[in-house]
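In case you want the letters, here they are:
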Amino acid sequence: MKSRKMKAFTFKRYGKTPELGFDDVDFPSPGANEILVKVHAVGLNPIDNMIPTGMFKPVLNFTLPATMGSDLAGIVVSVGSGVTRFIPGDEIFASIFDTGMGSLAEFALVPESAAARKPANLDFVQAAALPMVSLTAWQALIERAELKSGQKVFIPAGSGGIGSFAIQLASHLGAGVGTTTSTENVDWVSRLGAAEVIDYKKQEFEIELSGYDIVLGTLRGDAIEKSTYILKPGGKIVSLIGPLDADFARERNLNFLLRFVFTLMSHKIMRLAKKRGLTYSFLFVRPDGSQLFQISKLIEAEHIIPVIDKVFPFEATKEALDYLAGGHAKGKVVVRIQ
């Protein structure tokens, strides 16, 4: 009997020529603790463009060809035998990052533990823009940095996907927020909740800012090292872009060689942080439906709004990924599938 097929956007190999494109792949069946979702929209994230390069090959497991994407919103069509929280017809949103599965497809498998009901006041496109950026901000600011009301947190690249959500979350929690953005977005990120806004085209944040408790590392290059100058003693750096550290290697039970490599990679920032009385850690976001449930409540209460730059149709997925790679999106880039 011929197996049922569906359309998915995949990459076939790692490296400079990953062969991105559409494939007909086997229709998935949910395991005991999984739900099968008809995908209506997929939010794109910078790491979607990084994975096919092989940058995360040592720590993320995919069977090639692999379906790309991790954020999704859609409707449950069937559930595994062990699922208790969802039934067919439920509207959900989720991140399936780091599960070995992808979301840029007509249907996707989602672990029950990773999903939450879609915020009632959002459509599927808006909901799909949230999972990874909202979980990243939540896990970095609330879990890892233990952000408190009255503290000051520096969230660079305030007009980007993570920045635009994290500013709103930190502001809602009562923190003073500093950020960087381009001239045309200064007023806009202020309205999101940033109290100190640095126009990176005219100013250097490490000169203008001081007295911060927490830095969220979102920019590559030397921005992490520069951020040590704006932190008070006892301040915390939580980096989303590296360098990876030994604690991360231990958390994922990576081999001794990778632990050694990550220790070397983070040596410079660790030494600089110690010298200034700071702590540094690298955060790899994890799927978490219970956190998405709490985030959904903030969305429904309109304490936070999703910020979407551009929506692409499914057939223009490659163009959407290229647009995101340009680095100038104001908020999220979303692919509409259904």
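Details of the structure are given in the entry above.
Below you will find a few notes about this structure. (Residues numbered from 1 in each chain as written. Predicted model: local features only at pLDDT ≥ 70, side-chain atom pairs only at ≥ 80, totals over all residues. Heavy atoms only, no water.)

1. A short note on the pairing of strand β13 (residues 231–239)
By the bridge criterion, five bridges tie strand β12 (residues 212–217) to β13 in an arrangement that is parallel. When the bridges of β13 are listed, I214 appears paired with K236. Pairing between β13 and strand β14 (residues 279–282): four bridges, direction parallel. Among the inter-strand pairings, S239 is bridged to a residue of β14, identified as F282. (Pairing = 2+ DSSP bridges. Helix = DSSP H or I, 4+ residues; strand = E, 2+ residues; numbered from the N terminus.)

2. Here we look at the pattern of salt bridges
Here the structure, examined in full by the defined rule, presents 20 salt bridges. The shortest N-O distance in the salt bridge between E300 and K297 comes to 3.7 Å. Residue E300 and its partner K297 are located together in helix α11 (residues 289–300), separated by three residues, close to a single helical turn. Note on E300: relative accessible area 32%, which makes it partly exposed. A relative accessible area of 43% means that K297 is categorised as partly exposed. Here the residues in one salt-bridge network are E143, R286 and D288, joined through shared partners. (Salt bridge = Lys/Arg side-chain N within 4 Å of Asp/Glu carboxyl O. Buried < 20%, exposed > 50% of the residue type's maximum accessible area, 1.4 Å probe, protein only.)

3. Re the packing of aromatic side chains
For the structure on display, the rule yields 14 aromatic pairs. Here F9 and F22 contribute two aromatic rings whose centre-to-centre distance is 5.2 Å and whose plane-to-plane angle is 80°, an arrangement assigned as edge-to-face. Here F9, found in strand β1 (residues 5–11), pairs with F22, found in strand β2 (residues 21–26); they are 13 residues apart in sequence, far enough to count as distant. Using a relative accessible area of 1% as the deciding quantity, one classes F9 as buried. According to the relative accessible area criterion, F22 is partly exposed, its value standing at 31%. When the centroid spacing of 5.1 Å and the interplanar angle of 70° are considered together, the rings of F248 and F284 count as edge-to-face. With a gap of 36 residues between them, F248 in helix α8 (residues 246–251) and F284 in the loop between β14 and α11 connect regions that are remote in the sequence. Assessed through its relative accessible area of 14%, F284 is described here as buried. (Phe/Tyr/Trp six-rings, centres within 6.5 Å; stacked < 30°, edge-to-face > 60°.)

4. Concerning the sheet that holds β1
The strands making up a sheet are joined through hydrogen bonds of the backbone, oriented either antiparallel or parallel. Ordered by their spatial adjacency, three strands build an open sheet running β2-β1-β4, and the pairing between neighbours is antiparallel. Only two strands of the sheet have a single neighbouring strand rather than two, namely β2 and β4 (66–67). As defined by bridge partners, β1 adjoins β2 across six bridges and the pair is classed as antiparallel. Counterpart to K5 in the pairing with β2 is D26.

5. With respect to the packing of helix α3 (residues 131–144) against helix α4 (residues 161–172)
Contact geometry of α3 with α4 gives a least axis separation of 9 Å together with a crossing angle of 50°. Considering the angle they form, α3 stands oblique to α4. Note that α3 runs across α4; the crossing there is right-handed. The segment α3 lies against α4, with V133, S134, T136, A137, W138, L141 and I142 engaging G161, I162, F165, A166, L169 and A170. Of the residues contributing to the contact of α3 with α4, the split by class is ten nonpolar, three polar and no charged. (Axes fitted to C-alpha atoms, helices over the stretch in contact; angles between N-to-C directions. Parallel < 35°, antiparallel > 145°, perpendicular 65-115°, else oblique. Left-handed = near helix turned anticlockwise from the far one by under 90°. Contact = heavy atoms within 4.5 Å. Nonpolar A, V, L, I, M, F, W, Y, C, P; charged D, E, K, R; others polar.)

6. So, the environment of A145
Within the secondary structure, A145 sits in the loop between α3 and β9 (152–154). The spacing of A145 and T279 is 134 residues in sequence and 9.9 Å in space, taken between C-alpha atoms. Those residues in contact with A145, other than ones at most four positions away along the chain, are A140, I214, K236 and V238.

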